[in-house]
Amino acid sequence: ETLLEVKNVTMVFPDGTEALKGINFTIKKGELVSIIGPSGAGKSTLMRSLNLLNKPTEGSISFEGEDVIAAKGRQLRHIRRRIGMVFQHFNLVKRSPAYLNVLHGRLGYVSTIKGGLGRFSEADTRGALEILRRVGLEDQAFKRADELSGGQQQRVGIARAIAQSPSLLLADEPIASLDPSSSENVMVYLKSVCQEDGLTSIVNLHQVDFAKQFADRIIGVKAGEIVFDGTPRELTDGI
Ligand code: ADP
Ligand code: ADP
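Residue indices begin from 1 for each chain and proceed along its sequence in written order. As a convention, the first chain written is A and the first ligand written is 1, with the rest following in written order. Confidence filtering applies because this is a predicted model: local features only for residues at pLDDT of at least 70, side-chain atom pairs given and counted only at 80 or more, and all residues used for totals across whole chains, interfaces and linings. For side-chain calculations, the full set of non-hydrogen atoms in the structure is used, while hydrogens and water are omitted.

### Some points on the site of ligand 1
Stated formally: The cutoff for a nearby residue is simple: one of its non-hydrogen atoms must lie within 4 Å of the molecule or strand. We call two N or O atoms a polar contact when they sit within 3.5 Å, provided that within protein one can donate a hydrogen and the other can accept it, with sequence-adjacent residues counted only if both atoms are side-chain atoms. Under the convention used here, a 1.4 Å probe and the Shrake-Rupley method define accessible areas, while residue burial counts only the protein chains that appear. Working definition: helices are DSSP H or I runs of at least four residues, strands are E runs of at least two. Numbering for both runs from the N terminus. By the convention adopted, Pro, Cys, Tyr, Trp, Phe, Met, Ile, Leu, Val and Ala count as nonpolar, Lys, Arg, Asp and Glu as charged, and the other residues, Gly among them, as polar.
As a matter of local geometry, ligand 1 sits amid Phe 13, Asp 15, Thr 17, Ala 19, Pro 38, Ser 39, Gly 40, Ala 41, Gly 42, Lys 43, Ser 44 and Thr 45. Contact distances for ligand 1 include 2.8 Å between an oxygen atom and a backbone N or O atom of Ser 44. A distance of 2.5 Å is found between an oxygen atom of ligand 1 and a side-chain nitrogen or oxygen belonging to Thr 45. Notes on ligand 1: free accessible area 560 Å², of which the protein chains cover 60%. For the shell around ligand 1, the element with the most residues is helix α1 (residues 43-50), which contributes three residues. For the shell around ligand 1, the residue count by class is four nonpolar, six polar and two charged.

### Digging into the sheet that holds strand β7 (residues 168-172)
Put simply, the rule is: Each pair of strands is called paired provided DSSP finds at least two bridges between the two strands. Throughout, an axis means a line fitted to C-alpha atoms (over the contacting stretch in the case of helices), and angles, computed between N-to-C directions, take values from 0 to 180 degrees. The contact rule is simple, with two residues in contact once any of their heavy atoms fall within 4.5 Å.
Within the open sheet, the six strands sit side by side as β6-β7-β8-β3-β9-β10. Their pairing is mixed. Bordering the open sheet on either side are β6 (83-86) and β10 (225-230), each of which pairs with just one other strand. When the angles between neighbouring strand axes are averaged without regard to direction, this sheet yields 20 degrees. Sheet topology note: the strand β3 (residues 32-36)/strand β8 (residues 200-205) ladder contains five bridges and is parallel. Paired with Ile 36 across the strands is Leu 205, a residue of β8. Seen against the sheet, α1 touches β3, β6, β7 and β8 and runs at an angle of roughly 155 degrees to β8.

### What to know about the sheet that holds strand β4 (residues 58-63)
If you walk across this open sheet you meet the four strands as β2-β1-β4-β5, and the pairing is antiparallel. Unpaired on one side and paired on the other, β2 (18-28) and β5 (66-67) mark the two borders of the sheet. Across two bridges, the pairing between β4 and β5 is antiparallel. Along β5, the bridge assignment pairs Ser 62 with Asp 67. Along the sheet, α1 makes contact with β1 (2-12), β2 and β4, crossing β2 at roughly 60 degrees.

### Description of the nonpolar core
Formally: Residues belong to one nonpolar core when they are buried, are Ala, Val, Leu, Ile, Met, Phe, Trp, Tyr or Cys, and are joined through side-chain atoms within 4.5 Å. Exposure classes here rest on a 1.4 Å probe applied to the protein chains alone. A residue is buried below 20% of its type maximum, exposed above 50%, and partly exposed in between.
Ranked by size, the top nonpolar core spans 44 residues in total, and within it Val 102, Leu 132, Val 156, Leu 169, Leu 190 and Leu 205 carry the most contacts. For this core, the elements supplying multiple residues, two or more each, are β3, α3 (98-107), α5 (122-134), α6 (150-163), β7, α7 (180-197), β8 and α8 (208-214). With six residues, the top contributor of residues to this core is α6. Not counting the four nearest positions on each side in its chain, Val 102 is found in contact with Ala 128, Ile 131, Leu 132, Val 156, Ala 159, Arg 160 and Ala 163.

Put into structure tokens, the structure is as follows:
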């Protein structure tokens, strides 16, 4: 079953940079796809196109049958709620404890700010603790985000993203700021939560070895074009 269909997506920035040149791929439900490629290849631009943080200049993107590029206002917010994001620099609220960062994902930033932290119910808190348990952080739930290690912070980032019950998880260079052992640990948790939930994910990585180790499928991008699309086994010579 198709979750996402990207057709002929092109992105030319206002300064004339052609970051994406006619990108085509289809992603099935439940796949863990890694996008790899050198710095400047267009990985981040591609990922940002999927939830319209960058609006492509050409092409179409269909997500769960909806036209992402045409979406505006309410419909766009509805699409974005179904796409969980994980960031290179975690983007946590540093002074907030881990479980409240997770609740931000569940309830949305706007309701968090407007409603105030006191509005969370006990059930909300229990839900956040359960999700933190799934990424091995049950003992860190009440620690401030900035008291956690980088790998732990990224696991909070993953917990926050899955708390919104997305249909797609987008992780943009989630391990680029981590040392190799924390990187591996973060990828193990990312993969296991996706598998448990049957969640589809797209992970930008510049480390080919991690892509080979964890992905079901690898899409290689260079200079705005897809140069490889296949299984880790098929990727023998790099991209
Ligand atoms: P990657 O994620 O693979 O490192 P990016 O998607 O960040 O690559 O960038 C692709 C190309 O687009 C690069 O040449 C980059 O400099 C350029 N680029 C990215 N964002 C912008 C922007 N807002 N304006 C102009 N050029 C941009
Ligand atoms: P990160 O790798 O942490 O995502 P980047 O440095 O790639 O950060 O990009 C940060 C922001 O700068 C993004 O919004 C991106 O679109 C923009 N950007 C990246 N490259 C360029 C560029 N060459 N010109 C203008 N903006 C850019």
